[in-house]
Amino acid sequence: FSKLRGDYYFKKTKKLDIANKIMSLGRDSLSIFLSNFFIESGFKFMAHRDTLISKDTNEFKLLISKNTKILELDSKNVRAYKERGKAYAGNNFFDKAILDFNSALEIDSNDDEVYYLLGDVNYYGLNKNQEAINLFSKAIKINSNNFDALLFRGTIYSNNLQKHTLAKYDFEKA
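Quick caveat: nothing in here was measured; it's all calculated off a predicted structure. (Residues numbered from 1 in each chain as written. Predicted model: local features only at pLDDT ≥ 70, side-chain atom pairs only at ≥ 80, totals over all residues. Heavy atoms only, no water.)

Asks: So what exactly am I meant to see when it comes to the overall build of the chain here?
Replies: Within the chain, the secondary structure is distributed over 10 helices and 2 strands. The order of helices and strands in the chain, counted from the N terminus, is α-α-α-β-β-α-α-α-α-α-α-α. The burial tally for the chain puts 45% of its 174 residues in the buried class. Sequence-distant contacts in the chain: of pairs separated by 6 or more residues, those separated by 24 or more amount to 44%. (Helix = DSSP H or I, 4+ residues; strand = E, 2+ residues; numbered from the N terminus. Buried < 20%, exposed > 50% of the residue type's maximum accessible area, 1.4 Å probe, protein only. Contact = heavy atoms within 4.5 Å.)

Here is the structure:
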């Protein structure tokens, strides 16, 4: 599990030293290390794991404001809904994030990233494991190579539901 997280971190950041540290940790130590690393780095690890935002809430407000203006000009802009939703999620406004992600789905119901984002908010923000699995599964049905959805669905299977065979399948596919 830690090896998968380390590989994932390296793919996203290209920082081998930290990836190696992640791979050397057991499950219990991994969460503590990642939390401390991002806190020490002055970042908040958002609901959407690919996005790091400064702890300064003004940056969240700026992202929300920017994407709100875009949506005022183009109410069908899926990217703006996703980006504003990520900013809301990162600031723990999960209900607003869900509204934005659902608005994006009304425009494009085949956007696997939006299902992933909704799953992420349900799992990490709201602790709704089964809902998160359903949403990650929708993302994977649309895009069988959605690495994030496979990784996090596998994480829920492994950590929360003790369904290790299903977790192993998702981790190997990712």
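Now, onward.
Asks: In this structure, what is going on with the nonpolar core? I would like to understand it.
Replies: General note: in soluble globular proteins, nonpolar side chains tend to be found buried as a group. Residues Phe101, Tyr116, Leu118, Val121 and Phe136 are the most contacted members of the largest nonpolar core, which totals 37 residues. When contributions to this core are tallied by element, the ones reaching two or more residues are helix H4 (57-73), helix H5 (78-90), helix H6 (94-107), helix H7 (112-125), helix H8 (129-142), helix H9 (147-159) and helix H10 (164-173). In this structure, leucine 118 is in contact with Ile98, Phe101, Asn102, Leu105 and Leu135, ignoring residues within four places of it in sequence. (Core = buried A, V, L, I, M, F, W, Y, C linked by side-chain atoms within 4.5 Å.)

Asks: Got a minute to help me understand the pattern of salt bridges in this structure?
Replies: Two side chains of opposite charge can pair, provided their charged atoms sit close to one another. In total, this model carries 7 salt bridges according to the counting rule given. Measuring nitrogen to oxygen at the nearest pair gives 2.6 Å for the salt bridge that ties arginine 84 to aspartate 100. Remark: aspartate 100 occurs in helix H6 and arginine 84 occurs in helix H5; sequence separation between them is 16 residues. Residue glutamate 113 is joined to lysine 86 by a salt bridge in which the shortest nitrogen-to-oxygen separation is 4.0 Å. (Salt bridge = Lys/Arg side-chain N within 4 Å of Asp/Glu carboxyl O.)

Asks: When you look at the packing of H5 against H6 in this model, what are you seeing that I'm missing?
Replies: When two helices pack together, their arrangement is given by the angle between their axes and by how far apart the axes lie. In the contact formed by H5 and H6, the axes pass within 8 Å of each other and the chain directions differ by 165°. Taken as axis vectors, H5 and H6 run roughly antiparallel relative to one another. Helix-helix and strand crossings are classified by hand; for H5 and H6 the assignment is left-handed. Residues Val78, Tyr81, Lys82, Arg84, Gly85, Lys86, Tyr88 and Ala89 of H5 lie in contact with H6, whose contacting residues are Phe94, Lys96, Ala97, Asp100, Phe101, Ser103, Ala104 and Ile107. Here the contact of H5 with H6 is composed, by residue class, of 9 nonpolar, 2 polar and 5 charged. (Axes fitted to C-alpha atoms, helices over the stretch in contact; angles between N-to-C directions. Parallel < 35°, antiparallel > 145°, perpendicular 65-115°, else oblique. Left-handed = near helix turned anticlockwise from the far one by under 90°. Nonpolar A, V, L, I, M, F, W, Y, C, P; charged D, E, K, R; others polar.)

Asks: Help me out: how do you make sense of the packing of H7 against H9 in this one?
Replies: One can describe the packing of H7 onto H9 by two numbers: an axis separation of 10 Å at closest approach and a directional angle of 25°. The angle between H7 and H9 falls in the class roughly parallel. Where H7 crosses over H9, the handedness of that crossing is left-handed. Contacts between H7 and H9 involve Tyr116, Tyr123 and Tyr124 on the former and, on the latter, Asp148, Ala149, Phe152, Thr155 and Ile156. Here the contact of H7 with H9 is composed, by residue class, of 6 nonpolar, 1 polar and 1 charged.

Asks: What is the right way to look at the environment of phenylalanine 101 in this model?
Replies: One can find phenylalanine 101 in helix H6. Look at phenylalanine 101 and you get buried, because its relative accessible area is 1%. Separated by 15 residues in sequence, phenylalanine 101 and lysine 86 place their C-alpha atoms 8.8 Å apart. Apart from the residues lying within four places of it in its own chain, the contact partners of phenylalanine 101 are Tyr81, Lys82, Gly85, Lys86, Val114, Leu117, Leu118 and Val121.

Asks: I tried to follow the packing of aromatic side chains on my own but got confused; where do I start?
Replies: The way to describe two aromatic rings as a pair is by their centre distance and the angle between their planes. One pass over the structure, following the stated rule, counts 4 aromatic pairs. An aromatic cluster is present here, built from Tyr116, Phe136 and Phe152 joined pairwise through their rings. Seen from the ring of phenylalanine 93, lysine 96 lies directly overhead, with NZ or CZ sitting 5.5 Å from the centre. (Phe/Tyr/Trp six-rings, centres within 6.5 Å; stacked < 30°, edge-to-face > 60°. Lys NZ or Arg CZ within 6 Å of the ring centre and 35° of its normal.)

Asks: Would you mind going over H9 with me for this structure?
Replies: Structurally, the α-helix is built with 3.6 residues per turn, so residues lying three or four positions apart point the same way. Spanning 13 residues, H9 covers 18 Å between terminal C-alpha atoms, matching the ideal 18 Å at 1.5 Å per step. Counting buried residues in H9 gives 12 out of 13 residues, a clear majority hidden from the surface. Taken as a whole, H9 has its buried residues at Phe147, Asp148, Ala149, Leu150, Leu151, Phe152, Arg153, Gly154, Thr155, Ile156, Tyr157 and Ser158. (Expected span 1.5 Å × (residues − 1).)

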